[in-house]
Amino acid sequence: MQIHFKNILSSFPILIIVGIWPFVNFFIQNKGEAYDFNPLYVYAVLFVFFLLTTLAFTAVIFHKYKKPIFWACLISVCSILFTTFQPFSEFLIFFGISRPKYILLCWIFLFLLIVYLFYIALTNQSFLRFFKIAVYTLGAVSILNLAVVFYPNLKNYILENKTDFSSKSIDVVVDDIETLPNIYHFILDEYGREDYLKKVLGFDNSEFLGDMKKYGFYTANESSSNYIMTNLSILSLLSMKHPYSLGEGGTKFPKVSVNYYEAKHGKGEAIIRLKGLGYKYIYAFANGKVGGQCPKDVYLCIGGEGGVSELEVALLRMTPLLFPLQAITRDLMNYTVLTPQHVVNKLPAANEGPFFLFAHLLMPHAPWVWNEDCSYKNDAPKHWALIAN
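Values in this document were obtained by computation on a predicted structure and should not be read as measured data. (Residues numbered from 1 in each chain as written. Predicted model: local features only at pLDDT ≥ 70, side-chain atom pairs only at ≥ 80, totals over all residues. Heavy atoms only, no water.)

Let us look at the overall build of the protein. From N to C terminus, the protein includes 16 helices and 8 strands. The buried share of the protein, taken over its 389 residues, is 36%. For the protein, long-range pairs separated by at least 24 residues make up 67% of all intrachain contacts whose partners lie at least 6 apart in sequence. Carbon and sulfur atoms provide 62% of the accessible area of the protein, an area that totals close to 23900 Å². (Helix = DSSP H or I, 4+ residues; strand = E, 2+ residues; numbered from the N terminus. Buried < 20%, exposed > 50% of the residue type's maximum accessible area, 1.4 Å probe, protein only. Contact = heavy atoms within 4.5 Å. Areas by Shrake-Rupley, 256 points an atom, 1.4 Å probe, with all protein chains shown as cover.)

This is how it looks when you write it as structure tokens:
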């Protein structure tokens with residue numbers, strides 16, 4: 001059987017669809033999460049390139065045995081099994097198999113069995129045609145899902161954007177920039193208000209709040225969040241408006257021109273206005289890798305160390321690679337729980353201001369790493385580390 005590179009190229013669409021599918025599916029399922037999705041496109045392209053390269057080598061080396069379309073379909077099966085490891089592991093955990101070693105062994109056995117069965121089935125031309133149709137259908141569904149996410153109702157979107165939602169600017173003249181106070185904004189993720197801490201957890205927080213009042217702080221005793229998601233709360237805060245409005249039929253439309261990551265990376269309306277007054281913007285977050293390098297619109301970034309970001313961990317969790325990587329390179333999966341004291345220690349001198357500090361700290365957000373006496377728990381999850389000073 002001769003090598004026809006045209007046949008190899010004609011098989012590429014199968015792998016392109018299968019390669020992109022897990023990333024599209026990941027985005028749709030996690031679009032409400034606080035991930036920086038920008039690297040997702042790069043990973044999708046790299047994964048597709050890997051699949052196409054694998055097909056090219058396989059088709060050339062084994063051209064005497066099968067046609068390129070056969071190898072494309074078989075590689076597609078391997079790719080799908082590889083990127084659907086998470087639901088398989090959750091299925092085993094549901095039935096009591098929770099040790100990573102046993103989960104991996106079960107997955108390897110099932111992987112080899114399914115690949116072998118497809119190797120036999122794909123030799124049948126009718127099944128091969130059926131598989132190709134299934135893959136193209138998968139591609140069409142992925143495109144439809146993206147269309148639903150990005151363009152829920154084009155007519156309403158156009159009509160809604162005729163309304164001016166821009167903030168009314170207020171001209172402020174500052175005679176002496178040195179008189180402006182520094183602004184410190186700490187968000188302690190999942191830190192409940194006093195009455196619910198006492199009602200739900202039986203924890204009395206009155207002593208701490210009393211001390212804060214002595215320093216002149218105001219406590220909103222009956223406050224509540226407008227949103228159930230952190231990213232929406234922060235986007236609303238830094239954009240100085242609600243992120244969405246409702247159109248006809250309850251359709252949501254964006255009212256802000258930046259997303260969650262762009263807002264806290266210096267492009268939020270509140271930050272822009274403060275910078276216009278002469279403020280320097282300082283951004284602090286638990287994992288230094290979350291969101292990539294320090295953005296150019298930020299004067300100073302304060303973050304802990306971390307091998308990879310939450311996005312990478314979430315993607316690796318889709319595959320069988322997470323367990324062995326955690327065992328071999330523990331630091332690669334390391335996160336850092338920053339404390340307010342660590343952030344304060346990294347701040348420039350007060351007289352270098354004025355500056356606006358926005359610190360989003362993942363404490364007391366789960367997993368909980370503190371004992372009741374504020375000492376570090378010895379049995380804290382291994383993928384979390386702590387910087388206290």
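Summarising burial for strand S7 (residues 355–361): 7 of the 7 residues are buried, a large majority. Of the two faces of S7, the one lined by Phe 355, Leu 357, Ala 359 and Leu 361 and the one lined by Phe 356, Phe 358 and His 360 are each fully buried. In the sheet, strand S1 (residues 183–188) pairs with S7 via 6 bridges, with the strands oriented parallel. Bridge pairing in S7 places Leu 188 opposite Leu 361. (Pairing = 2+ DSSP bridges.)

For the rest of this paragraph, the subject is the confidence of the model for the protein. Mean pLDDT over the protein stands at 79; residues scoring 70 or higher make up 75%. This stretch, residues 153–169, has a pLDDT under 50; its non-local contacts, to residues over four places away or in other chains, come to 22 contacts. The low-confidence segment residues 382–389, where pLDDT is below 50, has 29 contacts with residues more than four positions distant or belonging to other chains. (pLDDT = per-residue confidence, 0-100.)

Every buried residue of helix H11 (residues 230–239) is accounted for by Asn 231, Ile 234, Leu 235, Ser 236, Leu 238 and Ser 239. Here the buried face of H11 lies against S1, helix H12 (260–267), helix H13 (269–276) and S7. Just beyond H11, the residue with positive phi is Met 240, at close to 65°.

The next thing to look at is the nonpolar core. Within the largest apolar cluster, 41 residues are counted, with the highest numbers of intra-cluster contacts made by Leu 15, Phe 26, Leu 40, Leu 122 and Leu 315. Listed by contribution, the elements that provide at least two residues to this core are helix H2 (12–30), helix H3 (38–61), helix H4 (68–83), helix H5 (85–94), helix H6 (100–121), helix H7 (125–150) and helix H14 (310–317). (Core = buried A, V, L, I, M, F, W, Y, C linked by side-chain atoms within 4.5 Å.)

Using the criterion set out here, one finds 14 aromatic pairs in the structure. Ring geometry for Phe 70 and Tyr 119: centres 5.3 Å apart, planes at 80°, overall edge-to-face. Pair noted here: Phe 70 is in helix H4 and Tyr 119 is in helix H6, with a separation of 49 residues, a long-range link. A residue is classified by how much of its surface remains accessible, and Tyr 119, at 34% relative accessible area, is partly exposed. Grouped by ring-pair contacts, the aromatic residues Phe 62, Phe 70, Trp 71 and Tyr 119 constitute a single cluster. Over the ring of Phe 70 we find Lys 66; its NZ or CZ atom is 5.2 Å from the centre of that ring. (Phe/Tyr/Trp six-rings, centres within 6.5 Å; stacked < 30°, edge-to-face > 60°. Lys NZ or Arg CZ within 6 Å of the ring centre and 35° of its normal.)

In this section: the packing of H12 against H13. Interaxial distance between H12 and H13 falls to 7 Å at its minimum, and their mutual angle equals 10°. As judged from the angle between their axes, H12 and H13 are roughly parallel. Contacts between H12 and H13 involve Ala 263, Lys 264, Gly 266 and Lys 267 from the former and Glu 269, Ile 271 and Ile 272 from the latter. Looking at the contact of H12 with H13 residue by residue, the classes come out as 3 nonpolar, 1 polar and 3 charged. (Axes fitted to C-alpha atoms, helices over the stretch in contact; angles between N-to-C directions. Parallel < 35°, antiparallel > 145°, perpendicular 65-115°, else oblique. Nonpolar A, V, L, I, M, F, W, Y, C, P; charged D, E, K, R; others polar.)

Let us look at the packing of H2 against H3. For the pair H2 and H3, the least separation of the axes is 9 Å and the interaxial angle reads 150°. With respect to H3, the axis of H2 lies roughly antiparallel. Crossing angle aside, the handedness with which H2 passes H3 is right-handed. Every residue of H3 that contacts H2 at Phe 12, Leu 15, Ile 16, Gly 19, Ile 20, Phe 23, Phe 26 and Phe 27 is listed here: Leu 40, Tyr 43, Ala 44, Phe 47, Val 48, Leu 51, Leu 52 and Leu 55. (Left-handed = near helix turned anticlockwise from the far one by under 90°.)

Right, let's get into the side chain of Ser 11. Within the fold, Ser 11 resides in the loop between helix H1 (5–10) and H2. Other than its neighbours up to four places away in sequence, Ser 11 contacts Leu 55, Pro 68, Ile 69 and Ala 72.

In this section: the pattern of salt bridges. Applying the stated rule across the entire model yields 4 salt bridges. With its nearest N and O atoms 4.0 Å apart, the salt bridge here joins Asp 211 to Lys 214. Pair noted here: Asp 211 and Lys 214 are both in helix H10 (residues 206–214), with a separation of 3 residues, about one helical turn. Taking relative accessible area as the criterion, Asp 211 reaches 35% and is therefore assigned partly exposed. Judged by relative accessible area, Lys 214 falls into the exposed class, the value being 71%. (Salt bridge = Lys/Arg side-chain N within 4 Å of Asp/Glu carboxyl O.)

As a further point, take H2. When the terminal C-alpha atoms of H2 are compared, their 28 Å separation across 19 residues agrees well with the 27 Å that a helix rising 1.5 Å per residue should span. Its maximal kink placed at Trp 21, H2 deviates by approximately 30°, while the proline Pro 22 follows within four residues. (Expected span 1.5 Å × (residues − 1). Bend = angle between axes of the 7 residues up to and from the residue.)

Once that is clear, we can look at the environment of Ile 103. On the secondary structure map, Ile 103 appears in helix H6. By relative accessible area, Ile 103 is classed as buried at 0%. Through-space distance from the C-alpha of Ile 103 to that of Glu 90 is 9.4 Å; in sequence the pair is 13 residues apart. Sequence-distant contacts of Ile 103, defined by excluding residues within four places in its chain, comprise Phe 85, Phe 88, Ser 89, Leu 92, Ile 93, Ile 97, Ser 98 and Phe 323.

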